[in-house]
Amino acid sequence: MRFLHLSDLHLGKRVCEFSMLDDQRYILAQILSLLDTHPVDAVLLAGDLYDKPVPPAEAVRLLDWFLTALAERKLPVFAISGNHDSADRIAFGSHLLAESRVYMSPVFTGAPEPIPLTDEYGPVDIYLLPFLKPATVRHVWPEEPAESTQSYSDALGCVLRHCKRDPAHRSLLVAHQFVAGAAVCESEEPSVGGLDSVDVSLFEGFDYVALGHLHSPQKVGRDTARYCGTPLKYSFSEAGQQKSVTFVELGPKGSVSITTEPLTPLHDLRELRGSYMELTDRRAYEAPPRTITSTSP
């Protein structure tokens, strides 16, 4: 079974006060074209669908257009809310959307239930785990000892202990958390001292963990726990990155292969350094792209 792993669309985002909506529509159309040439069985959206809890109307329409295009291709979609999203707004209409096989994570009320898909090797259980804070978990299981939900890692461990999985089935978790040891970018918001980090060992038992939250594509701890990264560059620390989409193929139990395909943005992001006069000289931008350097103060 083959999946497309996406995350951190941040629809409605502005970079240096420049609206990214046109660029976001362009890259989503490019992803749809990739799906037409690289078929998959389902699409995973690992949180931060929007950039703000109350997104602008244009961002809502853009997500509606993208989800509709995926549904028209008869592709199941598994989406969760991230820390930038409103969990209630993402969950709105989820029962109706599920009729079209667009599964949106509900507001957290307990351990996620599996959503099954089946191929020639048997079932694949997909678990949707929205972004969580310890207080949210304590509210659901007040009988748990206080120390079991004190930190983000403790809270996530508590949730996954309550998650009933069939070890004979292949399982896939879609989550939006900061895993300890992963590399961050300027456009992300990790807490001071890494208080919001979780341990990758908590994900043992899942055949693949589709992570969102961090903007650089990377594996964490093992090849099958992965951040796919953002489809666009949202900070100057990402200027040198090649953005991509991640394809995941689950074969028989224990067999997972991961490939990526590059994305080409409508407008690239470059970092230029130099004096004021150099940076405002039009001739600097008529030549091929380069980095302007200067010893001027």
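Computed from a predicted model, the values in this text were never measured in an experiment. (Residues numbered from 1 in each chain as written. Predicted model: local features only at pLDDT ≥ 70, side-chain atom pairs only at ≥ 80, totals over all residues. Heavy atoms only, no water.)

Draft legend 1. Representation of the overall build of the protein chain in the model. Counting secondary structure elements, the protein chain contains 8 helices and 16 strands. The C-alpha radius of gyration of the protein chain comes to 20 Å, within 12% of the 19 Å expected for a compact globule of 297 residues. When the 297 residues of the protein chain are sorted by exposure, 51% land in the buried category. For the protein chain, contacts bridging at least 24 residues in sequence account for 68% of all contacts bridging at least 6. Here the protein chain displays about 14,500 Å² of accessible surface, and carbon together with sulfur accounts for 53% of that area. The distance from the centre of the 27 positive side-chain charges to the centre of the 39 negative ones in the protein chain is 3 Å. (Helix = DSSP H or I, 4+ residues; strand = E, 2+ residues; numbered from the N terminus. Rg over C-alpha atoms; globule rule 2.2 N^0.38 Å. Buried < 20%, exposed > 50% of the residue type's maximum accessible area, 1.4 Å probe, protein only. Contact = heavy atoms within 4.5 Å. Areas by Shrake-Rupley, 256 points an atom, 1.4 Å probe, with all protein chains shown as cover. Lys, Arg positive; Asp, Glu negative; His and termini not counted. Charge placed at Lys NZ, Arg CZ, Asp CG, Glu CD.)

Draft legend 2. Expanded view of the pairing of strand β7 (residues 115–119). The alternating pattern of β7 places I115, L117 and D119 on a buried face, while none of P116 and T118, on the opposite face, is buried. Here 5 bridges tie β7 to strand β8 (residues 122–129), and the two strands are oriented antiparallel to one another. Counterpart to T118 in the pairing with β8 is P123. Two successive antiparallel strands, β7 and β8, enclose a turn made up of 2 residues. (Pairing = 2+ DSSP bridges.)

Draft legend 3. Summary view of the pattern of salt bridges. For the structure on display, the rule yields 9 salt bridges. The partner of K13 in a salt bridge is D51, and the shortest N-O contact between them spans 3.7 Å. Remark: D51 occurs in the loop between β4 (42–46) and α2 (57–72) and K13 occurs in the loop between β1 (2–6) and β2 (14–15); sequence separation between them is 38 residues. D51 carries the same exposure label as K13, and that label is buried. (Salt bridge = Lys/Arg side-chain N within 4 Å of Asp/Glu carboxyl O.)

Draft legend 4. A look at unusual backbone geometry. Not every positive phi belongs to a glycine, and D48 is a case in point at roughly 50 degrees. Relative to the assigned elements, D48 resides in the loop between β4 and α2. According to the relative accessible area criterion, D48 is buried, its value standing at 1%.

Draft legend 5. Focus on the nonpolar core. Ranked by size, the top nonpolar core spans 38 residues in total, and within it L4, L35, V43 and L45 carry the most contacts. Setting aside residues up to four positions removed in sequence, L4 forms contacts with I31, L35, V40, A42, V43, L44, V245, T246 and F247. Counting 29 residues, the second largest nonpolar core, distinct from the first, contains F108, V179, A182 and L214. (Core = buried A, V, L, I, M, F, W, Y, C linked by side-chain atoms within 4.5 Å.)

Draft legend 6. How the structure looks around α2. The end-to-end C-alpha separation of α2 is 22 Å, in line with the 22 Å expected for 16 residues at 1.5 Å each. Regarding α2, the residues found buried are A59, L62, L63, F66, L67, A69 and L70. Each buried residue of α2 lies within a common arc of 155 degrees when the element is viewed along its axis, so the set occupies one face. Every exposed residue of α2 that faces more than 90 degrees away from the buried side is listed here: R61 and E72. Looking at the packing, one finds that the buried side of α2 touches β1, α1 (21–37), β4, β5 (77–80) and β6 (102–104). (Expected span 1.5 Å × (residues − 1). Arc of directions from axis to C-beta.)

Draft legend 7. Region of interest: the sheet that holds strand β13 (residues 218–220). As summarised here, the arrangement of the 6 strands in space is β7-β8-β9-β12-β14-β13, forming an open sheet in which the pairing is mixed. Edge positions in the sheet fall to β7 and β13, since each has one partner strand and no second. If you compare each strand with its neighbour and ignore which way they point, the axes differ by 30 degrees on average. As judged from the 5 bridges shared by strand β9 (residues 170–176) and strand β12 (residues 208–212), these two strands associate in the parallel manner. (Axes fitted to C-alpha atoms, helices over the stretch in contact; angles between N-to-C directions.)

Draft legend 8. Region of interest: the environment of P145. Looking at the secondary structure, you find P145 in the loop between α5 (134–140) and α6 (152–162). Counting along the chain gives 72 residues from P145 to R73, while the straight-line C-alpha distance between them is 47 Å.

Any functional reading would require information that these geometric values do not contain.
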